[in-house]
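The lines below spell out each chain.
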Amino acid sequence: VQLHPSSDDVRIQIVEESMTVLRHNDLGGYTVPAHGLYPFQWNWDSAIVASGWAVFDEARAWQEIESLFSGQWEDGMVPSIVFHKPSTTYFPGPEIWGTKEKPSKSTGITQPPVAAMSVRFLYEHADDPLLAMSEAGKLFPKLLAWHRWFYKARDPFNTGVVAILHPWESGMDNSPAWDEPMRFPVDNLQPYVRCDLNHVHPEMRPTKETYDHYLTLLYRFKNANFYDPDKLYHISPFRVTDLCVNCILFRANRDLRWLAIKLGRQEVVAEIDAWLDKGFQGFESLWDEEAGIYKCRDQITGKLCPAAISAGFLPLFAGVVSEKRAARLVRTLEQWLEQVKYGVPSMDPADPRFEPLRYWRGPVWIIINWMISNGLKHYGYDALANRIKDHSIALTSESGLFEYFNPVTGEGEGGHDFSWTAAMSLAWMD
Ligand code: 2M8
């Protein structure tokens, strides 16, 4: 059957499939990204997935965020993965992370802080305002503690932008932006067996060399008094100002401010405003005028990471871009789109490192499409924003609810029946 994304039948079918995927991936109060491949609760996945649940089960949506925050550390950090139940299908699992609790309840690093954006989304779209008020009221201090943690632990010199210390924290694990910052020597590692290759083809996943670097960082952090945040910032050989985390944090700060006012927490508004003011200035140092895109910065060498990646468009989503720069970013984006069938590829398709199959080195990710499209709308580029949305609808309706998509052929890649792709179908593409 030839599927046409504009047809109502196709849309109804996708919405139904998306609800089925979320129900299927629900392990009782939290949603796994995909069975087998990712069998625990992931941080930014869950925050995004909550917006999908909100479309058909509001109480369940709130529960998703609550269960994520059940893993919050005393110092405010919300870990990248919460290990609610054991599983043997993922590496590295709780036994490798070995955080202080026994058994380990989480990883010792974080992920992009989407949650405040989701809490605002749930609050604004609530059919049950009393539930929304009480849930948002409970979650607000936890969100605030997490954002405070980011500035304390990851921006101790008050530059306005925060550091990531592991590629896993960016959410864009094997991005070409990390090629240079990842050139530190790896430690002598115990032999290990990856589980991801049991689920997806090696061509779609990071290489062994990349994994050796991931694990070197993990073990060094564990040896630093079990992921002590005061130590990690100083000992990590990988320290980068990442655009994905910083743009999401900036946007989430705006939503946190909005929630503070709604919930009568005016006393924290000045603190959030200071983050926003300083953050706004921090983005200045990430603009590459010649390339017409924002770039990440390696804090160890002080240099911009040369690769142009899809996160380079996310300052539009954060709302920190001048009209002139927005126009320049749009030109860059249009050039990228001319070279592929479906946007937005995760890196510049003209770069020789572009790999349409491999994870964050080429494929299209629907969640990033949503963020870029949302940012474009904000700056008045409605036609381009809608084009990206149309591409996203075409990809999911023609190929299915995959983890990511080949920008050249449109084929679905990585995990299938994937939660955040389903959630985006419900909350954005409906
Ligand atoms: C991917 O990351 C995990 C590690 O956190 C992995 O590959 O093992 C990334 O795409 C990340 O952004 C995502 O949150 C996670 C689960 O979907 O998978």
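Heads up: these notes are all about the structure in this document. Nothing here was measured: the structure is a model prediction, and the numbers come from that model. (Residues numbered from 1 in each chain as written. Predicted model: local features only at pLDDT ≥ 70, side-chain atom pairs only at ≥ 80, totals over all residues.)

### A word on the nonpolar core
One finds Val119, Cys247, Leu314, Ile367, Ile372, Ala423 and Met424 to be the most contacted residues of the largest nonpolar core, which totals 125 residues. Residue contributions to this core peak at ten residues, all from helix α11 (residues 243–262). Sequence-distant contacts of Met424, that is, excluding residues within four places in its chain, are made with Ile366, Ile367, Trp370 and Met429. (Core = buried A, V, L, I, M, F, W, Y, C linked by C-beta atoms within 7 Å. Buried ≥ 20, exposed ≤ 12 C-beta atoms within 10 Å, placed from the backbone. Helix = DSSP H or I, 4+ residues; strand = E, 2+ residues; numbered from the N terminus. Contact = placed C-beta atoms within 7 Å.)

### Things to note about the packing of helix α6 (residues 129–154) against α11
Relative to each other, α6 and α11 sit at 140°, their axes nearing to 11 Å. When the axes of α6 and α11 are compared, the pair comes out oblique. For the pair α6 and α11, the crossing hand works out as left-handed. Contact residues: α6 offers Ala136, Phe140, Leu143, Leu144, His147 and Phe150, while α11 offers Leu249, Asn253, Leu256 and Leu259. Partitioning the contact of α6 with α11 into residue classes produces eight nonpolar, two polar and no charged. (Axes fitted to C-alpha atoms, helices over the stretch in contact; angles between N-to-C directions. Parallel < 35°, antiparallel > 145°, perpendicular 65-115°, else oblique. Left-handed = near helix turned anticlockwise from the far one by under 90°. Nonpolar A, V, L, I, M, F, W, Y, C, P; charged D, E, K, R; others polar.)

### Examining the site of the ligand
With respect to spatial proximity, the complete set of residues near the ligand consists of Pro33, Tyr38, Trp42, Trp44, Asp45, Ser80, Trp168, Gly171 and Asp173. Classifying every residue of the shell around the ligand by side-chain character gives five nonpolar, two polar and two charged. (Near = placed C-beta within 6 Å.)

### A short note on unusual backbone geometry
Of the consecutive residues Lys102 and Pro103, the connecting peptide bond is found in the cis state with omega at -5°. Mapped onto the elements, Pro103 comes out in the loop between α4 (94–97) and α5 (115–124). A positive phi angle, near 50°, is found at Asn225, a position not held by glycine. Positionally, Asn225 belongs in the loop between α9 (208–223) and α10 (229–235). Even without being glycine, Tyr227 reaches a positive phi, approximately 65°. Looking at the secondary structure, you find Tyr227 in the loop between α9 and α10. Residue Tyr227 is classed as buried on the basis of its 23 C-beta neighbours within 10 Å.

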